[in-house]
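# Coordinates in review
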Amino acid sequence: MLSGVRIEPVPVTKLHGTDGSMTERMSVRQLCDNLGHRIGVAPFTGEPTIVERHGEPRAVLVSYTWWAEWRDQEGQGTVAP
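So, a few notes on the structure that sits alongside this text. (Residues numbered from 1 in each chain as written. Predicted model: local features only at pLDDT ≥ 70, side-chain atom pairs only at ≥ 80, totals over all residues. Heavy atoms only, no water.)

### Digging into the pattern of salt bridges
- Following the criterion strictly, the structure yields two salt bridges and no others.
- Of the charged contacts in the structure, one is a salt bridge between Arg 25 and Glu 52, with a shortest N-O distance of 2.5 Å. In this pair, Arg 25 sits in strand E1 (residues 24–27) while Glu 52 sits in strand E2 (residues 49–53), placing the two residues 27 residues apart along the sequence.
- Accessibility expressed as a relative area gives 17% for Glu 52, which makes it buried. (Salt bridge = Lys/Arg side-chain N within 4 Å of Asp/Glu carboxyl O. Helix = DSSP H or I, 4+ residues; strand = E, 2+ residues; numbered from the N terminus. Buried < 20%, exposed > 50% of the residue type's maximum accessible area, 1.4 Å probe, protein only.)

### Details of the sheet that holds E1
- Taken in spatial order, the three strands of this open sheet run E1-E2-E3, and their pairing is mixed. This sheet does not close on itself; its edge strands, each paired only once, are E1 and strand E3 (56–61). Strand-to-strand twist in this sheet, taken as the mean axis angle between neighbours without regard to direction, amounts to 30 degrees.
- Two elements, E2 and E3, share five bridges in a ladder whose sense is antiparallel. (Pairing = 2+ DSSP bridges. Axes fitted to C-alpha atoms, helices over the stretch in contact; angles between N-to-C directions.)

### Some thoughts on the side chain of Arg 38
- Turning to its location among the elements, Arg 38 is positioned in helix H1 (residues 28–45).
- Residue classification places Arg 38 among the buried positions, given a relative accessible area of 6%.
- When residues no more than four places from it in sequence are discounted, the contact partners of Arg 38 are Glu 24, Met 26, Leu 31, Glu 47, Pro 48, Thr 49 and Leu 61. (Contact = heavy atoms within 4.5 Å.)

Here it is as structure tokens:
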């Protein structure tokens, strides 16, 4: 946690704006260099990270809370342990 900074979790409904303004995009190499930071901020900022390889989107890193709620909404059953 950042010293002296209070970060509140963002509700799931605010995670993905239609304009994509809260979405971070980075290459696989950049993600490798920043993985700890991106995992650390995901539950607090709600910012998804789009991971690109050769400029093409390949994956999205989201908070576990967002994923679990999405999975429940989609009727996929129980979440992973």
